[in-house]
Amino acid sequence: MSDHVLLVYFTHSGNTRKLAELLHEKVGGELFEIQPEIPYPDSYNTVVEQAKKEIRDGYKPALKSEIGNLESYNTIFVGSPNWWSTIAPPVAAFLSKNDLSGKTIVPFCTHGGGGLARIERDITKLCPQSTVLESFEVYGSAGGNVHSKITDWLQRIGVALQ
Ligand SMILES: Cc1cc2nc3c(=O)[nH]c(=O)nc-3n(C[C@H](O)[C@H](O)[C@H](O)COP(=O)(O)O)c2cc1C
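I will try to describe carefully the structure that is included in this document. (Residues numbered from 1 in each chain as written. Predicted model: local features only at pLDDT ≥ 70, side-chain atom pairs only at ≥ 80, totals over all residues.)

**Observations regarding the site of the ligand**
Lining the immediate surroundings of the ligand are 20 residues, of which N15, T16, P81, G112 and G114 lie closest. Sorting the residues of the shell around the ligand by element identifies helix 1 (15–27), helix 2 (44–57) and strand 4 (104–111) as the ones contributing at least two each. Of all the elements, helix 2 adds the most residues to the shell around the ligand, at three residues. Partitioning the shell around the ligand into residue classes produces six nonpolar, 14 polar and no charged. (Near = placed C-beta within 6 Å. Helix = DSSP H or I, 4+ residues; strand = E, 2+ residues; numbered from the N terminus. Nonpolar A, V, L, I, M, F, W, Y, C, P; charged D, E, K, R; others polar.)

**Quick notes on unusual backbone geometry**
Its identity is not glycine, yet W84 carries a phi of approximately 50°, on the positive side. In this structure, W84 sits in the loop between strand 3 (75–81) and helix 3 (89–97).

**Brief notes about helix 3**
Residues spaced three or four apart along an α-helix face the same direction, because each turn holds 3.6 residues. Across the nine residues that make up helix 3, a large majority, seven, are buried. Among the residues of helix 3, P89, P90, V91, A92, A93, F94 and L95 are the ones counted as buried. Residues of helix 3 that are buried sit in contact with strand 1 (5–9), helix 2, strand 3 and helix 4 (119–126). (Buried ≥ 20, exposed ≤ 12 C-beta atoms within 10 Å, placed from the backbone. Contact = placed C-beta atoms within 7 Å.)

**Here's the deal with the pairing of strand 1**
When you tally the buried positions in strand 1, you get four out of five residues, the bulk of the element. Bridge count for strand 1 against strand 3 is five bridges, and the pairing is parallel. Its bridge partner being in strand 3, Y9 is matched across the sheet by G79. In the sheet, strand 1 pairs with strand 2 (residues 30–33) via four bridges, with the strands oriented parallel. Following the sheet pairing, L6 is matched in strand 2 by E30. As a crossover connection, the stretch from strand 1 through helix 1 into strand 2 is right-handed. (Pairing = 2+ DSSP bridges. Right-handed = clockwise from strand over helix to strand, strands pointing away.)

See below:
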């Protein structure tokens, strides 16, 4: 069976984009950046406060663009920074507005020391009809051994390298 892979991610300061690009090199497919219509402020303290309120309120921002042919993918990597122990609101918005029933979801995240926290659980909650595989997490922009960590993990979850 041919496996059509999509990698979607949100990033604020670039770490999750870097990880998404590394994964893309390994698994191929299409890469798509989830962007809110209104960008988050650059200032760390401002975005931390804004995100805290949005997550508390379950706010899901409008997104800048959509993926037209989602139905053609069967494996979707979903990447987010750890924001307040969960996925960033634009990722929650993406998962809420798109029907990923029957698809395989592969979560990945970058974080500042808190690891995956509730990320895998919260993705599973938003995608109850999807198969959610073991997640991948790295601290910040990922250290030197990230390549072998990625390869081991992909082998474990059974995603083919290109
Ligand atoms: C709004 C906000 C909330 C964050 N909350 C957490 C957290 O709860 N736990 C954690 O480990 N890191 C937290 N971080 C750090 C980010 O997860 C980390 O810097 C991540 O690599 C950023 O990814 P990005 O460069 O793709 O935006 C937070 C960062 C921001 C901006």
